[in-house]
Amino acid sequence: MKNEYLSDEELLRLIDEVEENAMLRAPAYLKQKIFKEIQEMESAERMPARQSVKKYQTNIRRQLLVYELKVAGLVAAAILMLFLLPVSAPEEPPAVPEESYGQGSGFLYHWNEASEKMLQCIDFTSSAILHPDEFFRQFQYGSDTDSDTGE
């Protein structure tokens, strides 16, 4: 194995040669570039963190606004559904005796009927939106079978 380090004599000779001949020289722009980067770093450290805090607060406010708009839209949709969904009084008495409902059976029965109608409407609408081909195919086949049975 060869020794990778210079001996003391070789090292001293190299130092003398570099000092006399100025073998390596840094680029002229390097000093200015280093000072410029130091100034930029110092100015960035001196710059108040308020700007980053303002950006954070703006981001949080934007997220809050989006959330508020979503909630407002859902509330508006719920109120709209309350007024637009048809709710009618039942025409016949409940099949279950009134004693099983307890106090306020009329209200519970009407509430149950209204919620069932609302669920049917939601199911009808969602099936039309999610699976339009199957949904409309159901009505096409239904009309064909109705005309056949009408003989």
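Because the structure is predicted, anything quoted here is derived from the model rather than measured.

Rules of the game
- Residues numbered from 1 in each chain as written.
- Predicted model: local features only at pLDDT ≥ 70, side-chain atom pairs only at ≥ 80, totals over all residues.
- Heavy atoms only, no water.
- Helix = DSSP H or I, 4+ residues; strand = E, 2+ residues; numbered from the N terminus.
- Buried < 20%, exposed > 50% of the residue type's maximum accessible area, 1.4 Å probe, protein only.
- Areas by Shrake-Rupley, 256 points an atom, 1.4 Å probe, with all protein chains shown as cover.
- 1 Å grid on protein atoms, 1.4 Å probe; cavity = no way out; pocket = protein on both sides within 12 Å on 5 of 7 lines; lining within 4 Å.
- Points joined across faces, edges and corners; volume = space filled by probe spheres on them.
- Nonpolar A, V, L, I, M, F, W, Y, C, P; charged D, E, K, R; others polar.

Novice: Give me the lowdown on the overall build of the protein chain, citing residues and values where you can.
Specialist: Within the protein chain, the regular secondary structure consists of 6 helices and 0 strands. In the protein chain, the order of α-helices and β-strands from amino to carboxyl end is α-α-α-α-α-α. By the burial criterion, 3% of the 151 residues in the protein chain qualify as buried. Total accessible area on the protein chain stands at roughly 14600 Å², and carbon and sulfur atoms take up 60% of it.

Novice: Could you give an account of the layout of surface pockets, naming the residues involved and the relevant values?
Specialist: Remark: the empty space left among the atoms is shown by a probe the size of a water molecule rolled over them. Estimates place the volume of the largest pocket at around 150 Å³. Forming the walls of the largest pocket are M81, L82, L85, P86, V87, W111, A114, S115, K117 and M118. At the level of secondary structure, the elements contributing two or more residues to the lining of the largest pocket comprise α3 (50–84) and α5 (105–130). The element best represented in the lining of the largest pocket is α5, accounting for 5 residues. Tallied by class, the residues present in the lining of the largest pocket amount to 8 nonpolar, 1 polar and 1 charged.

Keep in mind these values describe shape, not function.
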